Amino acid sequence: MTETALLPGPAVVAGPGDFPDWSQAASHAATRVPDAAVTATWRALNYLCAAQLYLNDNVLPARPLRVEDVKEVPSGHWGVCPPVNFMLAHLGPLTAGRPPGSEVLVVHGAGHAGPSALAHAYLTKTLTLTGNGPGWSAADMRALAAGFPHTRAYGGEITPLIPGMRYTGGQLGPALAVAQGMVLDAPHRLAVALLGDGELETGAAAAAWTARRALLGSGLHGAVLPVVLANGLRMGGPSILSGLDEAELRAYFTGLGYEPFLHDGSDAAGFRTVLAEVFARLRPLGVARPQPVLVLTMPKGATGPEEVAGRRIAGTPAVHKTPLKDPARNREEFAALAAWLASYEPAELFTDRGKPSDLVRQALPDPAPRSRPAPPVEPLTVRGEQAWPLVSAVIRERAAAGSFRLFSPDEAASNRLRLAVSGDGMPEWASEILNEEICHAWLQGYTETGRDALLATYEAFAAVNTSLLVQHLKHRSTRTVTGVGGLPNINYLITSLGWRNTYTHQNPGLVSAMLETENPTVHVFTPADATRAAAILTVMLSGRDQANFLIADKHHTLTFPPDTIREELTNGAAIWPHLSNPGPGGPDLVLASAGDVAARELSAAADQIAAARPDTGIQYVHINDLTVLGQPDTWPAALPDDAFARLFPAGVPVLLATVTQAPAVRALLVGRSEAARVRVVGYRDPGRPLPSADLLELCGMSAAALTAQALSMLKEPR
C-alpha cells in the first residue's frame, strides 16, 4: 500500500470522528492542476517503467538509442503498469488536495506493478538509488533502469522494501478486504484499492464485495474506493470479466451493492470529471448505501508496441511481461523499442539532470511522511495469580481500551466467547463473516495501520489462511528490513480443537505450517488451562512485531496450580513441582505436555506411572510456547542450552504429548539434536469418524496409552 500526498488543502479541517468532504479534493485538483500535467505524469511513469525493463544506459536520451544501451535479458512485467500509472497520475492531485486531517492510502492488489511503484517513488523523491539518499539526478535515473529488478535492494515486485508500501501484492485476492480493514474505525482515511480483473476471479476478492455488509452498524469508518483495472487479460488469456459487455458490467456491480463508473482512460479531461464525481459520492464503509466503484477499461499494456514484424502484441498475453523479447539482437524489435521509448517524449518530462519537469511536478503529491511505530497498549491489570481474567474478559477489557477489533468466521458464540458486557449480542468492535480469508484480510489491514486485532476461529478452519499468513509474514519480514517496526501483533485464537470435534473438523495443520516457515516472529502458545490461556492472551494483545497462535480448548475442564504461570510466560516452559519427584539422582523420565488436552491426559498418566512404579524419578514439564524447543539461532524465544538441560536433563528419555501434530515438534527438536531421546505424541488423522475417547486412544494421547508408553520407555536401555 502506498501512502500518498500531503500538500496543504482547503481550510476546513476534518476533526476526529468526522467523515471528510472528499469532493473538496476534486475541486482543489481541478482548479490547481491542469490536465496536461496529469497526462505528463502518466507519460513519465510509463517511460520509467519501460526503461526499467529494457535499458542499461541512455535513460535520459542524450543521443539515439544504441544496441549496447539495451539489456541482454529484459525482465519484469509491463502489462499492468500503464493502467496503474494512469491511476497514480490522477490520484496525485486529488491526494494533494485532500481535506486537512484526512489520509489517502493506495493498496496495490497486483504485485507485478513493481516498476510502477519504483517509478512513482522516483518521481516523488523517496527512492534511494545511488547511496546519496533519495534524489533526482541523471545517475539516479540510470540506476533505476539499469539496476532493475534490484534483486538485492528493492526487488521487482511490490513489497515494503519500496518506500510507502504497506501491502505486498502477489497473493491475489485479499487487497479489497485489506483496504476495508485499513479504514475501520478511521473515518478520516480513504483507501484506494487497485484491483486487476484477474484478481477478481479469486474467492477472497469475490467475497470482499459483499463482505462490507457484515460491517454495517459496526462503528464510524472511513471510505474504500475499489478501482477495477479491467484490462481484459490475465497472464495467459482473457479474463472472465472481459466477457461482460458494459451493460452486464454495470449490472454485476450494481447487484453487489455498488454504483459503477466506467471509463476507458482515452480522455484525461473526461476521466478527471468521472473521478471527481466518484470522490463526491464516497461514503463511510459501514453505511448501508451503494458505494462507488471505478472500472478502468484501459487495455493491458496500453501505449506499448501494437505489432512487430507481423507479430501482434497488443491485446495478447505477450503484453503481460516484456512484449519485446530480444531487442538487443532482433533488429525489428530494436527499432520498435526505440520508437516506443521516443513516443513518450522524455525530453519534455525530465531535465537533463533527471529532475521531473515543471509540468510533471505540478501533478505530484508530496512524499508521505515516514510512518512511526504505534505505541503498544499497556498490558491489562493482573489481579493476582489465582484471579487472572478468563479469555472473554481479557478480550472485553482490551476492547474497552479502544483501537481494537475481533474478527471471527461466524464462530464467536460457538467458541464460547462472551463479548457483550450484558446479553448475547455482538458489540460494535466484533465482526463476523463466514469467511476465514476475509477475517484475516481485515485483521491485516487493521494491524498494518497500527491497531490491535484478534482472529478467533475453529482449529480446523484456521488452516484455510495458511497461504495468506505465509505472505503476511513475508510482508512483515521485508518491512523489518527497512528498519520500520512496531506494528501490532498478528494474533490468532485457535479453539474448538479437533480432539473434541467431528472428523471433518479435525485439522491442526496451520501451526505446523507456521513452524515450518522458521520465521522468528512466530510463537505457538499451548497453555495448560483457561487461566493460562487468558494470561497469554493479555500479553499477545499488548505486544508488537510477533505472530502469535494461541491454541486453547473451549471446554474448560481442569485448572492446574498457578505457581508456575509467571515462569511459563517468561521462559516458555516450566517444571511442575506438584507432579515431579525426580529423586536424589535426577529423573529417570521426563514427561512434557504442550496444550490443555495434553496436560489433562499426561497429568493423569503421571499419577498412574507413580502408582505403578513408585521408585521411578519423574520430572514433569509444561511447554507454554512450542518455539522454545527449537534451535536458539533460529527461534528468539528458544531455551538457552543450560535452561533446556535443566528441564530435559541429558540422557534422560522424554515423553512429550502435544495438542498439535507431532512432526512439527520433532522438527524443532531436530534442530537441537535432541529428537532421538524424545518420543512425541500428537494428533494424527484417524481416517474415519471416531468418538473423542477413541481418537485419544488411537493417537496414543489417552492417559492409559501415555502410561503404557512411559512404562515401556523406562524398560529401554539408556
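Above this text sits the structure in question.
Parameters at a glance
- The numbering scheme is per chain: residues are counted from 1 as the chain's sequence reads.
- With the structure being a predicted model, the display of local features is reserved for residues of pLDDT at least 70 and the display and counting of side-chain atom pairs for 80 or more, all residues being used for whole-chain, interface and lining totals.
- With hydrogens and water set aside, each side-chain value is computed from the structure's full complement of heavy atoms.
- Paired strands are those between which DSSP finds at least two bridges.
- Helix and strand assignments follow DSSP, with helices taken as H or I runs no shorter than four residues and strands as E runs no shorter than two, numbered in order from the N terminus.
- The axes used here are C-alpha line fits, helices contributing only the stretch in contact, and every angle between their N-to-C directions lies in the interval 0 to 180 degrees.
- By definition, residues are in contact when any of their heavy atoms lie within 4.5 Å.
- Definition of nonpolar core: a set of buried residues of the types Ala, Val, Leu, Ile, Met, Phe, Trp, Tyr and Cys, connected through side-chain atoms within 4.5 Å.
- Summary of the burial criterion: residues with accessible area below 20% of their type's maximum are buried, those above 50% are exposed, and those between are partly exposed, where the area comes from a 1.4 Å probe applied to protein chains only.
- Look down the strands so they point away from you; if going from the first strand over the helix to the second traces a clockwise path, that crossover is right-handed.
- Any carboxyl oxygen of Asp or Glu that lies within 4 Å of a side-chain nitrogen of Lys or Arg is treated as forming a salt bridge with it.

Right, let's get into the sheet that holds strand 12 (residues 490–495). With parallel pairing, six strands are arranged side by side in an open sheet as 10-9-11-12-14-13. The open sheet has two free edges, formed respectively by strand 10 (430–432) and strand 13 (522–525), since each of these has just one partner strand. The mean angle between the axes of side-by-side strands here comes to 20°, regardless of whether they run parallel or antiparallel. Relative to strand 11 (residues 452–458), strand 9 (residues 404–408) is paired through four bridges, and the arrangement is parallel. For Phe 407, the partnering residue across the bridge sits in strand 11 and is Leu 455. Strands in contact with helix 14 (residues 436–448) are strand 9, strand 10, strand 11 and strand 12; relative to strand 11, the strand with the most contacts, it is inclined by about 165°.

A separate point is the sheet that holds strand 19 (residues 678–683). Strand order in this open sheet of five strands is 15-17-16-18-19, and the pairing throughout is mixed. Each edge of the open sheet carries a strand with a single partner, namely strand 15 (573–575) and strand 19. Here the average twist between neighbouring strands, direction ignored, is 20°. Here strand 15 runs beside strand 17 (residues 618–623); their pairing, made up of three bridges, is antiparallel. Across the sheet, residue Ala 573 finds its bridge partner in strand 17, namely Ile 623. The strands touched by helix 20 (residues 596–612) within the sheet are strand 16 (589–594), strand 17 and strand 18 (654–661), with strand 16 carrying the most contacts at an inclination of about 155°.

Right, let's get into the nonpolar core. With 116 residues, the main nonpolar core has Trp 209, Trp 499, Phe 549, Leu 591, Ile 623, Leu 629 and Phe 648 as its most contacted residues. Sequence-distant contacts of Trp 209, defined by excluding residues within four places in its chain, comprise Leu 176, Leu 195, Leu 200, Pro 226, Val 228, Tyr 252, Phe 253, Leu 256, Tyr 258 and Val 293. Counting 90 residues, the second largest nonpolar core, distinct from the first, contains Val 38, Ile 158, Leu 190 and Val 308.

Of all six residues in strand 16, six are buried, a share of seventy percent or more. Judged by which residues are buried, strand 16 turns out to be covered on both faces: Leu 589, Leu 591 and Ser 593 on one side and Val 590, Ala 592 and Ala 594 on the other are all buried. Here strand 16 runs beside strand 17; their pairing, made up of five bridges, is parallel. Bridging from a neighbouring strand, Val 590 pairs with Gln 619 of strand 17. Viewed along the sheet, the connection from strand 16 through helix 20 into strand 17 turns out right-handed. Of the strand pairs in this sheet, strand 16 and strand 18 are connected by five bridges, and their pairing is parallel. Bridge assignment links Ala 594 to a residue of strand 18, and that residue is Thr 658.

Now for the pattern of salt bridges. The tally for this structure, following the rule as stated, stands at 27 salt bridges. One salt bridge connects Arg 63 with Asp 69, and the closest N-O pair in it is separated by 2.7 Å. Looking at Arg 63, the relative accessible area reads 26%, which means it is partly exposed. Its relative accessible area of 1% is what places Asp 69 among the buried residues. Arg 405 is paired through a salt bridge with Asp 185; the nearest N and O atoms lie 2.8 Å apart.

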